[in-house]
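What follows is the residue order along each chain.
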Amino acid sequence: MRILLVEDDSLTVRLVKSTLGPAHFLVSVATVAEGLRLIPEQHWDLALIDLNLTTKMDGLALLPLLKTHGIFSVVISGHEEDEVIEACYKAGCDDYYAKGDLVKTVPQLLQKVMVSRKASLPDHIFETTYLTQDKDTRQSARSLMTALENTTPGLIMGETGTGKSELVNLL
């Protein structure tokens, strides 16, 4: 899974990295400007956003862009006030967690993203990007999505030019 972490606290960054382990690709930036630059440049499955970076609540600026790019976004913040949480959801976040036990929270977030992707991604792929009516190809893609929930390596085989790399990039 490709994860963008926008967080200025180095301890939190290290904790998230250690919790994720090597099975996920994590890029960490400390400012909204860096986040705004990276969001459209790469494909992200999940964005973890701190609210207070350079100034108070500036992390909110990232949420609408994340939403338009279809990136599952989670605000992780020390704020627990109802008004702050409501503002985050209005700005487009998919989930909100108050900072605390990140070792427990991060795996829960990954599971939510996988469930969300499993429910929507294959049909989205076939309708917009990876156009095929072949039932076997569609079933293979769905099987791949199921396998992605597991961290065991897999092998995708097929003729040259059939879209194996493109399918993996989309997933």
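Above this text you will find the structure in question.
Residues numbered from 1 in each chain as written. Predicted model: local features only at pLDDT ≥ 70, side-chain atom pairs only at ≥ 80, totals over all residues. Heavy atoms only, no water.

Draft legend 1. Expanded view of the pairing of strand 5 (residues 95–98). Note that strand 4 (residues 72–77) and strand 5 share 4 bridges and pair parallel. The residue bridging Val 75 from the neighbouring strand is Tyr 96, located in strand 5. For the segment spanning strand 4, helix 4 (residues 82–91) and strand 5, crossover handedness is right-handed. (Pairing = 2+ DSSP bridges. Helix = DSSP H or I, 4+ residues; strand = E, 2+ residues; numbered from the N terminus. Right-handed = clockwise from strand over helix to strand, strands pointing away.)

Draft legend 2. Up close: the nonpolar core. Leu 4, Leu 63, Leu 66 and Cys 88 are the most contacted members of the largest nonpolar core, which has 22 residues in total. Secondary structure elements with two or more residues in this core: strand 1 (2–6), strand 2 (25–29), helix 2 (32–41), strand 3 (46–49), helix 3 (63–68) and helix 4. Of the residues forming this core, the biggest block, 3 residues, is contributed by helix 2. Beyond its immediate stretch of four places on either side in the chain, Leu 63 contacts Ile 49, Ser 73, Val 75, Cys 88, Ala 91, Gly 92 and Cys 93. With 19 residues, the next largest nonpolar core counts Met 1, Leu 5, Leu 46 and Ile 76 among its residues. (Core = buried A, V, L, I, M, F, W, Y, C linked by side-chain atoms within 4.5 Å. Buried < 20%, exposed > 50% of the residue type's maximum accessible area, 1.4 Å probe, protein only. Contact = heavy atoms within 4.5 Å.)

Draft legend 3. Here's a closer look at the state of the cysteines. This model, assessed by the stated rule, comprises 0 disulfides. Free cysteine: Cys 88, not disulfide-bonded; nearest cysteine sulfur from Cys 93 at 5.2 Å. (Disulfide = S-S within 2.5 Å.)

Draft legend 4. Layout of the packing of aromatic side chains. By the definition in use, this model includes 0 aromatic pairs. If you follow Arg 2 out to its NZ or CZ, it ends over the ring of Trp 44, 5.2 Å from the centre. (Phe/Tyr/Trp six-rings, centres within 6.5 Å; stacked < 30°, edge-to-face > 60°. Lys NZ or Arg CZ within 6 Å of the ring centre and 35° of its normal.)

Draft legend 5. Layout of a negative patch on the surface. On the surface, Glu 80, Glu 81, Asp 82 and Glu 83 cluster together to form a negatively charged patch. You can see Asp 82 is positioned in helix 4. Asp 82 sits in the exposed class, given a relative accessible area of 61%. (Patch = residues over 30% accessible without salt bridge, like charges linked within 9 Å, V, L, I, M, F, W, Y side chains within 5 Å. Areas by Shrake-Rupley, 256 points an atom, 1.4 Å probe, with all protein chains shown as cover. Salt bridge = Lys/Arg side-chain N within 4 Å of Asp/Glu carboxyl O. Lys, Arg positive; Asp, Glu negative; His and termini not counted. Charge placed at Lys NZ, Arg CZ, Asp CG, Glu CD.)

Draft legend 6. View of empty space enclosed by the protein. Tallying each qualifying case throughout the model produces 1 cavity of 30 Å³ or more. Taken as a whole, the largest cavity spans an internal volume of roughly 40 Å³. Forming the boundary of the largest cavity are Leu 5, Glu 7, Thr 12, Val 16, Leu 48, Ile 49, Asp 50, Ile 76, Lys 99 and Leu 102. Listing elements by their share of the lining of the largest cavity, those giving two or more residues are helix 1 (10–20) and strand 3. For the lining of the largest cavity, a count of residues per class yields 6 nonpolar, 1 polar and 3 charged. (1 Å grid on protein atoms, 1.4 Å probe; cavity = no way out; pocket = protein on both sides within 12 Å on 5 of 7 lines; lining within 4 Å. Points joined across faces, edges and corners; volume = space filled by probe spheres on them. Nonpolar A, V, L, I, M, F, W, Y, C, P; charged D, E, K, R; others polar.)

Draft legend 7. Examining the pattern of salt bridges more closely. Using the criterion set out here, one finds 3 salt bridges in the structure. A salt bridge links Glu 41 to Arg 37, with the shortest nitrogen-to-oxygen separation between them at 3.5 Å. Note that Glu 41 and Arg 37 are positioned in helix 2 at a spacing of 4 residues, about one turn of the helix. Of the residues examined, Arg 37 reaches a relative accessible area of 46% and is grouped as partly exposed. For Lys 90, the salt bridge identified is with Glu 86, shortest N-O distance 3.1 Å. Of this pair, Lys 90 and Glu 86 both sit in helix 4, 4 residues apart, which is roughly one turn of that helix. Classification of Lys 90 by relative accessible area gives exposed; the value is 68%. Here Glu 86 falls in the partly exposed class, since its relative accessible area comes to 44%.

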